[in-house]
Protein chains: 4
Amino acid sequence: MPKSALRYAAKVDLDKPAWEHENLHNRWHPDVPAVGTIKNGETVKIECVDWTGGQIKNDDSANDVRDVDLTRIHYLTGPFEIETAEPGDVLVVDIQDVQPLDDHPWGFTGIFSRENGGGFLDDTYPKPAKAIWDFEGINCSSRHIPGVRFAGLIHPGILGCAPSAEVLKTWNDREGQLITECSHMDKVVALPPEPKSVHVGSTEGDIKEKVGREGARTVPGRPEHGGNCDIKNLSRGSKVYLPVHVKGAKFSVGDLHFSQGDGEISFCGAIEMAGVITIKFSVMKGGVAHLGMKSPIYIPGPVEPQFGPGRYIYFEGFSVDEHGKQYYLDTTVAYRQTCFRVIEYLKRYGYDDYQIYLLLSCAPIQGHVAGIVDVPNSCTTIGLPMDIFDFDIRPEAPTGKRELGSCAFAS
Amino acid sequence: MPKSALRYAAKVDLDKPAWEHENLHNRWHPDVPAVGTIKNGETVKIECVDWTGGQIKNDDSANDVRDVDLTRIHYLTGPFEIETAEPGDVLVVDIQDVQPLDDHPWGFTGIFSRENGGGFLDDTYPKPAKAIWDFEGINCSSRHIPGVRFAGLIHPGILGCAPSAEVLKTWNDREGQLITECSHMDKVVALPPEPKSVHVGSTEGDIKEKVGREGARTVPGRPEHGGNCDIKNLSRGSKVYLPVHVKGAKFSVGDLHFSQGDGEISFCGAIEMAGVITIKFSVMKGGVAHLGMKSPIYIPGPVEPQFGPGRYIYFEGFSVDEHGKQYYLDTTVAYRQTCFRVIEYLKRYGYDDYQIYLLLSCAPIQGHVAGIVDVPNSCTTIGLPMDIFDFDIRPEAPTGKRELGSCAFAS
Amino acid sequence: MPKSALRYAAKVDLDKPAWEHENLHNRWHPDVPAVGTIKNGETVKIECVDWTGGQIKNDDSANDVRDVDLTRIHYLTGPFEIETAEPGDVLVVDIQDVQPLDDHPWGFTGIFSRENGGGFLDDTYPKPAKAIWDFEGINCSSRHIPGVRFAGLIHPGILGCAPSAEVLKTWNDREGQLITECSHMDKVVALPPEPKSVHVGSTEGDIKEKVGREGARTVPGRPEHGGNCDIKNLSRGSKVYLPVHVKGAKFSVGDLHFSQGDGEISFCGAIEMAGVITIKFSVMKGGVAHLGMKSPIYIPGPVEPQFGPGRYIYFEGFSVDEHGKQYYLDTTVAYRQTCFRVIEYLKRYGYDDYQIYLLLSCAPIQGHVAGIVDVPNSCTTIGLPMDIFDFDIRPEAPTGKRELGSCAFAS
Amino acid sequence: MPKSALRYAAKVDLDKPAWEHENLHNRWHPDVPAVGTIKNGETVKIECVDWTGGQIKNDDSANDVRDVDLTRIHYLTGPFEIETAEPGDVLVVDIQDVQPLDDHPWGFTGIFSRENGGGFLDDTYPKPAKAIWDFEGINCSSRHIPGVRFAGLIHPGILGCAPSAEVLKTWNDREGQLITECSHMDKVVALPPEPKSVHVGSTEGDIKEKVGREGARTVPGRPEHGGNCDIKNLSRGSKVYLPVHVKGAKFSVGDLHFSQGDGEISFCGAIEMAGVITIKFSVMKGGVAHLGMKSPIYIPGPVEPQFGPGRYIYFEGFSVDEHGKQYYLDTTVAYRQTCFRVIEYLKRYGYDDYQIYLLLSCAPIQGHVAGIVDVPNSCTTIGLPMDIFDFDIRPEAPTGKRELGSCAFAS
C-alpha cells in the first residue's frame, strides 16, 4: 500500500498569539494534559512556534529583544501521549526532518539586555541587539552581519518527556536550594516556578494554577529528561533516546533552531525560528535499565555540513578571567575567554563586537573542552569555520577593514 | 639543489635518564639557556622523551604510576632560539609531522593515585591504574583494554615560547593568590615553583637555583603562551601561532601524545610517548599586534581520522553532581557528569570502570560545550566514536557481557 | 522589508497527465516557448514531475517498468527566460534546496527490459524489475530491498539551458553519424529526434512539429550544455555554472533524484521522484570566455552524507570482460566488471542479483576511475558504504543468509 | 612482554642500482624465488625503491624522463612467502603505515614522451616533462608547480600475490590476443613478456630466462591478483584482501606513491618515491570461496585528507572527443575530456598546460563515473580541491595571471 503524506500531530498559526494555541504549553509538569496520541512506531509532523511565541519581529530594531517577556517562554508543542510508553521505558525519537515553515523563511538571533535575561558575555556586552537571518534553502545570511553565509545544522533546542511528580519535586528542591544559597549574589542563578503567563493549552482552573505553582521552567536542560539541551548536532537524521517518567511519556518539542554554535552563548543565541519537525516515535520497553541510562543519549545524523578539519581557525581560552584573576579548573571561565579571543580576532575586519557575539552564538562553531586536568587551568578551544566568510580570514591573508554594517540595536 | 634529510635540532637517548639530558628542561623561565639555534624559515626534527622522562614502564603493574615523581615533570626539549624572533612577534610553528620513535612503538595512559597527582574523576576512582598501547602504524591497541583499536591523532601536548620575566611574575602572582585563597581546601589547586628535581639542561649553580625558585611549573597551559594545552587536534599538518615574549623566542616542545580524548581526563590521560616532531619555524614580525593576539591560535591539519557524524554515540551531562547538588553554570561539573554517563553505558559490555576511564582519556572522543547559558545548567556532550570498538555498541545491538580482561593496577 | 515565502515559477499536478501540463516539455530545442520569466538575482521554486511523467506506480509489479513509453521522456519543467541572459554569458544556478512533494513521499528505481531501454548490465540482467522507496525525512528505505536505509543526496538529474540552432545541429549531426556508423550493430547507440509523443507545453502546430523533427532527445547529457548529467553530488547547496546559448537562456530542469549511485547503472537507476527545487539564478556576463568554459562546472554543497573514509568496502574492476576478453583501456568495461564484483559479494547475504543491481544504481556508491594508463587495463573502483546496511558486511563478519525478500518483477 | 621495533623484511640501498638488489624483481611469475618468509600474523617493514629503480633524478631537466628504460620497470620488493597461505586463501594485508625514506624526502611526477611510454593525453601533450616534489612532513610542494601544496594520501601503487602458472597463461593469452587484434594500430596496446632487463633478484640461468620469456609485465593491474592498480586511497590504515594463487602467496609490493590523482593520467603520474611500507599479514583460509572473490577488495583507512564536499570545483566531460566525434558510452573518452576541462580552467592563472597535466596526475583529484547509461554519452566528473592552491580559484574570484614558473622539460 503506497505511503501517503504524513499526519500532522499539531499545526500552529503564526497569526494567532502563542498563548491562544491549545496545543502549546510553557512549563514542565506531569499534569499538563496531552494534546494528542501517537502510536508506537508512528511518524508524524509537529509544527512549532519560535521559543518566544512570536515576540521577536523581522525588523531592524532590538526593542522587542529588550522588552521580551521571559515569563512566557518557551512555548513547546505537546505534550503527546505515546501509546504503550511507561515509566522505565526509553522513547526513541527518530528526527527524520526539521524545516522552517514555507511562508516564514527567516529567523532571529538576539542578545538580551543584561537587565532582562542577559547572556554569557553580558558583563561586557550589556546592551540588547538582534540579527535577522534569511533562509536560502539550506543556507542563511543576515543583513545585520554581512560577509557570512552558512548551511544550517537545523535542530530542536528542546525535546523531552514530562517529569513525574517525583522528578519534578527533585528539580524544584535542588534548584530552590541553589537560589537560597546564592541569595546574596546579584544574579539570577535559577528560575523558580512562575505562575505569571503560564500556559497549559486550553486548560484553565486548578490544573493551570497547579502548573503555575509547581511547574518547572523550561530554561535549563535537566539530566533526568533532557529538555532545553541546545545541542547543535541533534539535527536531521538524529536518533534520540529519552527516559520515560510518566505513563504515555507526554513528549513535547519546541525551540527550533536553524543553526547554533556550541554554547549558544548569547542565550537567545541560535537562529530561532518557527518550523516543523518530523519524528518517528518508538518505545524501547525497559530501556532505562537496559541502557543504564541516567540522561538522554543520541546518535547524530550523517548530513552535518562538513568543512574539512583544516578549514577552521582554533582559538584557545583558559580559566584566567579578563581581570587577570585565576580560577581553579573553571571551564565556564575558560570558555568565556575563548569567546573573547574570537571576538578580538574578527574585529580586525571591521565587525562590531555585538555582531561577532551574535555570530558566535549561532554559526557552527566547534566548542571543545581541550584540557580539564592541568591545575589550575582548564583549556577550551573554539573552532571557527573559515568558509562561512566570503573573505579570507586566515592569519596570513591581508586584513583590511571592510564596510560591515551593523546589527540591530534598541532605540 | 636536491633537498636532503632534515637536520635534527635535538636527539634523545631513552637509555639515559631524562635528567642527564643537556637538551631537556622541566620549568618555564626566561633564563633557561638555549640549547640550539634555528633559522627563521628552517625545518628541523626534534626528539622528545615522554613527559615523565621514562618513569613509566611497558609492563602490567601500575606501581610506577602510583609512585611517579611529579616534581620532575614535564621534560621538554629546548629551548631553541629562533633567529630574528623578538617580543611582539608571532612564531609560526608548522607541525609537519609527529611520529613515535622507531624502536619505541608503544605508549601509556595512566590514572594517578588520588594521593599523588589525581585526575578528573579521582573522588570516584582514587586508585592508580595503567594501560599500555602498542602502535600499529597509524593505529593502536592495548592488551589492557581489549576490543578497541583506533588511529592516533598524534600531537604535542606542550609547545610554547618562554615567558618574559614580567609574564612569569604575572603567573606566579596570580597562581600564588589562588593557592592562598584556597588554603583551607584539602586540594592541590595550583603548583607553585618547586626547586626539587628542577632540570635546566646542563646548567648548574645560580641559574638552576633561580629557575627552581621562580620557574613556572609545566602542568597548566597558560593564556600568555599556550604551554600544556593538551589539545587533541593540534596534529600533523597543524599550524600554530605563538606569541613571542623574549628575544629568540626560546621555543620548547614535549609531552607528545599518540592520541587524546577531549579533556584528557585522567591527567596522565593521553597515550603518552617519546617521539620526534618535525617543525618548520617562521617569524611573523609584529604579529601579536597584527593579529590582536592574547593567546595562541592554530589551524589543524587536514588528516584527522574521520568517522562520519553519524558514527558517534553522544552522551549528555549537566551541572548537577552525582550527589544531586545543583551548581550554577558549572561546565566542569557538567563535563564530569558526561564522563560518568559514558562509563555507565560501556560497563554493560563487561569493561571495568577504570578501563573506561583510561579509554575516555585517550581515545578520540569529542567533548563539546553544548549549552552554557540556560541557568542553572551547563550542558556538555561527549561523542564516543562507535568504530573504535570491534563490536557493535549501538543501543539497539545485543549487549552481552564480554571477557574484556583488566587494566594494570598497583600491587 | 521582511522576506516572505518564495514565488513558485511552476507548479505541477500529479493527478493530471504530464502531457497535459503547459509548463513541461520533453525535447531540447531553441524554439520551445518560454513558460515564464525569472529576474536576474531572483530565487524561485520550481515543481517537477518524475522523469517518466508518472508512468511508474507505487506497487509491487514491474509491468509498468516493462511497458514504459520512452518516446515520452524526460518531462522537464520550463523553459524559463532569465532576464538579461545572452549567448556567451554563464547562468549561475544556486540550488538552494531540493525536496520531494509533501503528499508524494516515495520514489522508484527501475531496471528496464533489455528490449525497452535496457541498462548497463542488461546482457546479464535482461528482465524488468522495480523497487519502491519510502522517504523518511532525509532517509529512505524500500520494502523491495530490506536491510538497507540511507540518507538521500538529493539532486536534479537534468538541468541546462536550451541549445542554439547551431548547437542543436552539431548534436544531431554527430549523433546521427554515430547511428550511421553503428547501423550494423544490434544496439541502440543513440536516439535521433522522435516526433512521437513530443511535448512542447501548450504549443501545437508548426513549432511542435519542428521540435519533433529536430529536437534533441533528453537522454544523453551533452558537453555544450550539461543536460542529463546524472551527477550524484549536484545536490542541495550546489552552485552550477551553465553556458548560455540563446537569449534569455531558456533554462529547464527535471528528472529529480532522491539519491543515485555513481553511474546510475540501471538507467532508471536513481530513486526517481516528483519534487520541488529552489533555485537562485544569476547571470555572469561574458562568463563563457572569462571561465574558458566548454562544459558546465559546479561546486557541491557542504551537506553530503558523510560515512568516514574507512566505512566503505572498495571493489576493483578491470577492462577484461566476463568472457575473459581483453579490452584496451576500456573504462566502461572496467566499471561494468566492478559492478559485478559488488553483486557477487552481496549475494552472500541472500540478496537476489536484481535487488543488488537496483541498489547499486541508487545508493550513494562511490565510482572512481583509479588507473587509466596502465595498458591494457583501466582499473575502476566502487566504494560501497557499509553503514547503509543494518547488518555488518565487513569481510570478517559472519555472513549467514538472511530473508531479504524480493524486488518487484513483471508478471 | 614489551613490543620492540619491527623487523625489516627487506631493506634497499639507493646508492646501489636496483638491478643489483637481490630482494627486487620486475616481472610477475610463479617461479621468481622468494626472498624471505613472513609468519601468518606477523608485522614487518618492507623498503622499496621507486618504480623506475632510480632512473629519475632530483634535478630540473626531463632528459631522464625522456630516456627512461621501460623494460626495467617496475622494481618490486619480494616476493615473500607467507606461512600457511595456499591457493584459495585470501591474504589480508593490513597497511599499517607508508612513509618516504628519511634521507630521501622527495619524489617525482613525469610525463613520458609520446615515443617512450606516453600517457593519457599524449596526443595533445607529446613532450617529456617532470616535476620534483619536496616532502614537508605530511605535505608536499614543488618548485616546478608553484602555488600548490597538499597532504599526501600515501600508498603503494602495486601489491599482489604471484600468479599461478595457469593464471599467468591466461594473462599472456588474452593480452597476446589483443596485441594481435590491434596489430594494425600504431599504438602499444599491451606489453608482451620482455626478456630484456628482466630482474629476478639474485637469480640467473634457467629461471631468469624463463621469467623473461613468460613473465607478465608489471604495467597493468589485472583482475586475478590486483597488481598495478594505482588506487589513490589504498593508503595508511587500509586493509586489502588479495586472492592467493600459489603456495606461500609470494607477495610483492612496490611503486610507492606519496600522492596520486584518480586516473594517474600522465602514467608516471603519481608522486613516485622510494619508501617503506609496514604491513601486517594474515591468512584467511578458504577466503576466495567465502568472499566470492574474483578481484581484490579493500577497506580504506580513516585518515584521508578531508577538504569538505563544498571545497571542490567539479568539471564535467562526455564521450565526445576534442575533434567533435561522438563515441558510444566511452568512459575513457569522457574522462580525457574532463581532464581537458580542468586544464582549460587552470590556464587562466598562468600555469602552463604541462604543469597542470602533471598536477592532475598527482594531486588528490576525485575522478568519478557520473552517468554511464545515457546513450550515447558517458559523463565523468573531476573534483579539483580548491584548498591545495594558495590563491582563490573559485569562479567568482579575480583571476589575474600569476608568475608560476615552469616544470622541467627535456633539453
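Bear in mind that the values here come from a model prediction, so they are computed numbers and not experimental data.

> Please provide a residue-by-residue account of the interface of chain D and chain C, values included.
Taken together, the contact pairs 90 residues of chain D with 90 residues of chain C. Across the interface of chain D and chain C, roughly 7200 Å² is buried in total on both sides, 60% from carbon and sulfur atoms. Taken together, the connections running from chain D to chain C amount to 6 salt bridges. Taking the shortest distance from any N to any O, the salt bridge between K239(C) and E396(D) comes out at 3.3 Å. Where chain D touches chain C, the interface holds 35 residue pairs in polar contact (both at pLDDT 80 or more). With 2 bridges connecting them, strand β18 (residues 297-299) of chain C and strand β19 (residues 312-318) of chain D associate as antiparallel partners. When the bridges of β19(D) are listed, Y298(C) appears paired with Y314(D).

> With reference to specific residues and values, describe the relation of the copies chain D and chain C.
Each copy of the sequence occupies a distinct position, and chain D is placed on chain C by a rotation of 180 degrees and an axial shift of 0.0 Å, giving an RMSD of 0.0 Å. The superposition of one copy onto the other is thereby described by a two-fold rotation axis. Taking C-alpha positions as the reference, the residue of chain D nearest the rotation axis is H368(D), at 2.3 Å. When the interface residues of chain D are mapped onto chain C, 100% of them again fall at the interface, so both copies present the same face.

> Outline the environment of G275(A), supporting the account with residue identities and numerical values.
Residues and elements named next belong to chain A. The topology assignment puts G275 in strand β17 (residues 275-284). Residues G275 and A190, spaced 85 residues apart in sequence, show a C-alpha to C-alpha distance of 28 Å. The residues touching G275, leaving out its near neighbours within four places in the chain, are I46, E47, C48, Q99, P100, L101 and L256.

> I'd like a description of the pattern of salt bridges, backed by residues and values.
Applying the stated criterion across every chain, the model contains 116 salt bridges over all chains. Close ionic contact of R114(A) with D123(A) constitutes a salt bridge, the shortest N to O distance being 2.8 Å. Take R114(A): its relative accessible area is 40%, and that puts it in the partly exposed class. On the basis of relative accessible area, D123(A) is assigned to the exposed category, the value being 52%. Here D97(C) makes a salt bridge to R236(C), at a shortest N to O gap of 2.7 Å. Residue D97(C) is found in strand β6 (residues 90-100), and its partner R236(C) is found in the loop between β13 (226-228) and β14 (239-243); the two are separated by 139 residues along the sequence.

> Help me get a handle on the packing of aromatic side chains, residues and values and all.
Here the structure, examined in full by the defined rule, presents 83 aromatic pairs over all chains. Summarising the aromatic geometry, the rings of Y125(B) and Y354(B) are spaced 5.3 Å apart at their centres and angled 70 degrees between planes, so their arrangement reads as edge-to-face. Here Y125(B) is found in the loop between β7 (106-111) and β8 (129-136), whereas its partner Y354(B) is found in helix α6 (residues 353-362), with 229 residues between them in sequence. Assessed through its relative accessible area of 7%, Y354(B) is described here as buried. Grouping aromatic residues by their ring pairs yields a cluster made of F315(A), Y345(A), Y349(A), Y351(A), F389(A) and F391(A).

> Run through the packing of helix α5 (residues 331-347) of chain A against helix α6 (residues 353-362) of chain A, naming residues and quoting values.
Residue and element names in this part refer to chain A. α6 packs onto α5 with a crossing angle of 125 degrees between their chain directions and a minimal axis gap of 9 Å. Here α6 runs oblique to α5, going by the angle between their axes. In this structure, α5 crosses over α6, and the sense of that crossing is right-handed. Contacts between α5 and α6 involve C339, V342, I343, L346 and K347 on the former and, on the latter, D353, I356, L359 and L360.

> Go over empty space enclosed by the protein with me, naming the residues and quoting the values.
As a volume, the largest cavity reaches approximately 620 Å³. Taken together, 37 residues make up the lining of the largest cavity; nearest its centre are E304(C), Q366(C), E304(D), Y312(D) and Q366(D). In the lining of the largest cavity, the residues fall into 17 nonpolar, 14 polar and 6 charged. Empty space within the second largest cavity amounts to approximately 510 Å³.

> Could you give me a rundown of the domain arrangement of chain A, with the residues and numbers involved?
Residue and element names in this part refer to chain A. Taken domain by domain, chain A consists of domain 1 (7-299) and domain 2 (309-409). Taken together, the two surfaces of domain 1 and domain 2 that pack against each other cover about 2900 Å², and 65% of this comes from carbon and sulfur. Of all residues in domain 1, F120, Y125 and D262 give up the largest surface area on contact with domain 2, accounting jointly for 22% of the area buried on that side. At the junction of domain 1 and domain 2, the tally comes to 0 salt bridges. Our count for the domain 1 to domain 2 interface comes out at 21 residue pairs in polar contact (both at pLDDT 80 or more).

> Which residues make up the interface of chain B and chain D, and what are the values?
With 30 residues of chain B at the contact, the number on the chain D side is 30 residues. Of the roughly 2500 Å² buried between chain B and chain D, counting both surfaces, carbon and sulfur atoms make up 51%. On inspection of chain B and its partner chain D, the count reaches 4 salt bridges. Here D94(B) makes a salt bridge to R149(D), at a shortest N to O gap of 3.3 Å. Viewed at the interface, chain D and chain B are joined by 6 residue pairs in polar contact (both at pLDDT 80 or more). Sorting the residues of the side of chain B that touches chain D by element identifies β6 (90-100) and β8 of chain B as the ones contributing at least two each. It is β6(B) that contributes the most residues to the side of chain B that touches chain D, 4 residues altogether.

> Which residues make up the side chain of S197(C), and what values do they have?
All names here are of chain C. Among the secondary structure elements, S197 is positioned in the loop between α2 (165-181) and α3 (206-214). Owing to a relative accessible area of 18%, S197 belongs among the buried residues under this scheme. Excluding residues that lie within four positions of it along the chain, S197 makes contacts with N26, R27, D69, T71 and R72.

> Mind laying out the environment of I388(D), listing which residues take part and the relevant values?
Residues and elements named next belong to chain D. Position of I388 among the secondary structure elements: in the loop between β21 (379-385) and β22 (408-409). Assessed through its relative accessible area of 1%, I388 is described here as buried. Each C-alpha atom of the pair I388 and A9 lies 36 Å from the other, and the pair is 379 residues apart in sequence. Beyond its immediate sequence surroundings of up to four residues, I388 is in contact with G147, V148, R149, F150, F307 and A363.

The rules behind these values
Residues numbered from 1 in each chain as written. Chains lettered and ligands numbered in written order. Predicted model: local features only at pLDDT ≥ 70, side-chain atom pairs only at ≥ 80, totals over all residues. Heavy atoms only, no water. Contact = heavy atoms within 4.5 Å. Buried area = accessible area lost by both parts, 1.4 Å probe. Salt bridge = Lys/Arg side-chain N within 4 Å of Asp/Glu carboxyl O. Polar contact = N/O pair within 3.5 Å; in protein donor to acceptor, adjacent residues only side chain to side chain. Pairing = 2+ DSSP bridges. Helix = DSSP H or I, 4+ residues; strand = E, 2+ residues; numbered from the N terminus. Least-squares fit on C-alpha atoms with pLDDT ≥ 70 in both. Buried < 20%, exposed > 50% of the residue type's maximum accessible area, 1.4 Å probe, protein only. Phe/Tyr/Trp six-rings, centres within 6.5 Å; stacked < 30°, edge-to-face > 60°. Axes fitted to C-alpha atoms, helices over the stretch in contact; angles between N-to-C directions. Parallel < 35°, antiparallel > 145°, perpendicular 65-115°, else oblique. Left-handed = near helix turned anticlockwise from the far one by under 90°. 1 Å grid on protein atoms, 1.4 Å probe; cavity = no way out; pocket = protein on both sides within 12 Å on 5 of 7 lines; lining within 4 Å. Points joined across faces, edges and corners; volume = space filled by probe spheres on them. Nonpolar A, V, L, I, M, F, W, Y, C, P; charged D, E, K, R; others polar. Domains from an automatic or database assignment.

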